[in-house]
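For reference, the chains in residue letters:
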Amino acid sequence: GDSVTQMEGPVTLSEEAFLTINCTYTATGYPSLFWYVQYPGEGLQLLLKATKADDKGSNKGFEATYRKETTSFHLEKGSVQVSDSAVYFCALSANNDMRFGAGTRLTVKP
Amino acid sequence: NAGVTQTPKFRVLKTGQSMTLLCAQDMNHEYMYWYRQDPGMGLRLIHYSVGEGTTAKGEVPDGYNVSRLKKQNFLLGLESAAPSQTSVYFCASIPGGPIPYNEQFFGPGTRLTVL
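Everything numeric in this text was worked out from a predicted model, so none of it was measured.

Let us look at the interface of chain B and chain A. Taken together, the 21 residues of chain B in the interface contact 22 residues of chain A. When the two sides are added together, the surface that chain B and chain A hide from each other amounts to roughly 1,700 Å², 57% of it contributed by carbon and sulfur. Where chain B packs against chain A, one counts zero salt bridges. If you look at where chain B meets chain A, you find two residue pairs in polar contact (both at pLDDT 80 or more). Elements represented by at least two residues in the side of chain B that touches chain A include exactly β4 (31-38) and β5 (42-49) of chain B. For the side of chain B that touches chain A, a count of residues per class yields 13 nonpolar, six polar and two charged.

Attention now goes to the state of the cysteines. Put plainly, two cysteines are in a disulfide when a covalent bond ties their sulfur atoms together. Residue and element names in this part refer to chain A. Considering all chains together, one arrives at two disulfides over all chains under this definition. A sulfur-sulfur distance of 1.9 Å marks the disulfide that ties Cys23 to Cys90. The disulfide joining Cys23 to Cys90 has a torsion of about -70 degrees about its S-S bond and is therefore left-handed. In this pair, Cys23 is assigned in strand β4 (residues 23-26) and Cys90 in strand β10 (residues 86-94), connecting sequence segments 67 residues apart. The same class applies to Cys23 as to Cys90, namely buried.

Conventions and cut-offs
Residues numbered from 1 in each chain as written. Chains lettered and ligands numbered in written order. Predicted model: local features only at pLDDT ≥ 70, side-chain atom pairs only at ≥ 80, totals over all residues. Heavy atoms only, no water. Contact = heavy atoms within 4.5 Å. Buried area = accessible area lost by both parts, 1.4 Å probe. Salt bridge = Lys/Arg side-chain N within 4 Å of Asp/Glu carboxyl O. Polar contact = N/O pair within 3.5 Å; in protein donor to acceptor, adjacent residues only side chain to side chain. Helix = DSSP H or I, 4+ residues; strand = E, 2+ residues; numbered from the N terminus. Nonpolar A, V, L, I, M, F, W, Y, C, P; charged D, E, K, R; others polar. Disulfide = S-S within 2.5 Å. Buried < 20%, exposed > 50% of the residue type's maximum accessible area, 1.4 Å probe, protein only.

Written out as C-alpha cells, the structure is:
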C-alpha cells in the first residue's frame, strides 16, 4: 500500500542553520504531498503542499519540491529560528485517505 | 469559527471500560477523520466519513466504532478499552471533493490512557 518514509529524528540545529528533512514515498497512483507541523500540545497544521510532479510548495521560508523521478518531497529551510522547533510530518494523499510519516522532531537552539 | 474541537482533552480509563470521543466542526465540512498518534508511528487512520450517515474503515479500525448522525459531529467509540488503545487521538475534516487537493484541518487532540 501507499506509504511515507521520513528521516528519523530528533534533529537539533543552531539558529540560522540550514534545514533538510528527507521524505520519500511509495504510491501506486499520483498522490498529493504535504508537510504538516505540530507544535507542542497542538494538532497538526498544514505547512505546505504540492499536488503534481515538479510543483514546489512554500510557506514561512520552508520549501519542498515534488520529485516524481526520485519519489521524494524533502523539506528545506535556509535559516531556521527557535520558533521553528516542532514535529514535522510528511504525508501523501490518494484515494480516500492520507498516510503520514513517523514525524521528525526539530529543536532549534539559540 | 471554533474550527475543529474535541471532547474531552484527557481521559484515563480502566481496561474493559467504554467511552466516546466527540469531534465537532463548524466549517460545514463533508469529510471527517479519526486518527491515532503513537510515538515513532506518525498518524494512523482509524475511521473516516465522507458525509452525514456514512462511515468507512481506515488503516487500524479494530476495537473502534464510529457514527456520523449529524454533519458537524463525528463520534469515536471504544466499547471495551484495552491498554493498546493508549494514544493521542486526533480528529480532522476537509470541505469535501477529491481528497488529494484538500488540506486537513485538525482538532487539538484527546490524550487517552488505558490502565
